[in-house]
Amino acid sequence: MAEVNTGFRINDVEALWPRINRCYRYDNNEKRSVPCDAFDDGAKYEISFRMDKPRANELWAAMREAYKAKADTQDSWPKKFDNPFKKDDDGTFTFKASLKGAYGKDATRKPTQYDSRNTELDADFMLTTGSTVNIAVTFTPYHASMGTGVSLRLRAVQVIKYADHPSILPMVSRCRKMLVPSPTVLISKRWRKKRKNQ
């Protein structure tokens, strides 16, 4: 599947079950995603996200345009494909972006994570479900035995508002009393501390 070299940013969406600090694969025995090597079968970085209707419409239009550009060069491809978004009971829509751990013998570059000030976060930064993010992707139209559509190849994530993780709630509470401006800035400083000391 060839990537369409058109970057697209999905703005102001809710992160769901992000697994982008390292590669993960689904383990059938454990019935969950587990950390793995980039070259393991099924290894990938992945983030699902929830968006409102205007953002869903914007993304859907861009995906259709990318698909049409590719389908126009392929006689065997259908002219259209079904909308892949899942509509939730509250009227929002969910979808996902991912990136394989490797293509052939080459490992992929891990998606970069940034804080709200566009400062790169440490490689081991753990994004949480419920955080508000911008997601940078490229489009990959496909038509094969698995179906027809456009996948979102994950490139980067910007954390606009960090959702507190239960394990760090006491720390966040103490820091807020010290008038730290926002959880995102706090987390950014915490994860950049190690880099500054190197």
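Everything below is about the structure printed above this text.
Rules of the game
Starting from 1, residues in each chain are numbered consecutively following that chain's sequence as written. Per-residue local features are limited, in this predicted model, to residues with pLDDT of at least 70; the limit for side-chain atom pairs, both in listing and counting, is 80 or more; totals at the level of whole chains, interfaces and linings are taken over all residues. The basis for every side-chain value is the complete set of heavy atoms in the structure, and neither hydrogens nor water enter the calculation. Put simply, DSSP marks the helices as runs of H or I at least four residues long and the strands as runs of E at least two long, and each gets a number from the N terminus on. Relative accessibility thresholds used throughout: buried, under 20% of the residue-type maximum; exposed, over 50%; partly exposed, between the two (1.4 Å probe, protein chains only). Residue contacts follow a heavy-atom distance rule, with two residues in contact if any of their heavy atoms lie within 4.5 Å. For our purposes a nonpolar core is just a set of buried Ala, Val, Leu, Ile, Met, Phe, Trp, Tyr and Cys residues, chained together by side-chain atoms within 4.5 Å. Any residue with an atom within 4 Å of a point lines the site, the site being either a cavity, points on a 1 Å grid over the protein atoms alone where a 1.4 Å probe fits but cannot get out, or a pocket, an open set with protein on both sides within 12 Å along at least 5 of 7 lines. Grid points are joined across faces, edges and corners, and a volume is the space filled by probe spheres set on the points. Polarity classes work like this: nonpolar for Ala, Val, Leu, Ile, Met, Phe, Trp, Tyr, Cys and Pro, charged for Asp, Glu, Lys and Arg, and polar for all others, with Gly in that last group. Within this document, salt bridges are pairs made up of a side-chain nitrogen of Lys or Arg and a carboxyl oxygen of Asp or Glu, the two lying within 4 Å of each other.

Q: Tell me about the overall build of the protein chain, and name the residues and values.
A: For the protein chain, the helix and strand inventory stands at three helices and 10 strands. Element order for the protein chain, N to C, with α for helix and β for strand: β-β-β-α-β-β-β-β-β-β-β-α-α. Counting only residues that meet the buried cut, the protein chain has 43% of its 198 residues in that class. Considering only residue pairs separated by 6 or more positions, the protein chain has 68% of its internal contacts joining residues 24 or more positions apart.

Q: Please provide a residue-by-residue account of the nonpolar core, values included.
A: One finds Leu59, Phe139 and Leu152 to be the most contacted residues of the largest nonpolar core, which totals 41 residues. Counting residues per element, the ones that place at least two in this core are strand 1 (4–27), strand 3 (44–51), helix 1 (53–71), strand 5 (93–100), strand 9 (132–144) and strand 10 (147–161). Examining the composition of this core, we find that eight residues originate from one element, helix 1, more than from any other. When sequence neighbours within four positions are dropped, the list of residues in contact with Leu59 reads Phe8, Ile10, Phe49, Met51, Phe85, Phe139 and Leu152.

Q: If you had to explain empty space enclosed by the protein to someone new, which residues and values would you point to?
A: Going through the model one piece at a time under the given rule, you end up with one cavity of 30 Å³ or more. If you add up the space inside the largest cavity, you get close to 40 Å³. In terms of lining residues, the largest cavity is bounded by Phe8, Arg9, Ile10, Asn11, Arg55, Glu58 and Leu59. With four residues, the single largest contributor to the lining of the largest cavity is strand 1. Of the residues in the lining of the largest cavity, the class split is three nonpolar, one polar and three charged.

Q: Go over the pattern of salt bridges, please, and point to the residues and values.
A: For the structure on display, the rule yields 10 salt bridges. Where Arg50 meets Asp88, a salt bridge forms, and the shortest distance between an N and an O atom there is 3.7 Å. Linking Arg50 in strand 3 with Asp88 in the loop between strand 4 (86–87) and strand 5, this pair joins segments that are 38 residues apart in sequence. For Arg50, a relative accessible area of 26% translates into the label partly exposed. Asp88 gets classed as buried once you look at its relative accessible area, which sits at 18%. Linking Asp52 and Arg55 is a salt bridge whose minimum nitrogen-to-oxygen distance equals 2.7 Å. The class of Asp52 is partly exposed, set by a relative accessible area of 30%. Judged by relative accessible area, which is 25%, Arg55 ranks as partly exposed. Salt bridges linked by common partners bring Arg19, Lys44, Glu46 and Lys96 together as one network.

Taken by themselves, the reported measurements are silent on function.
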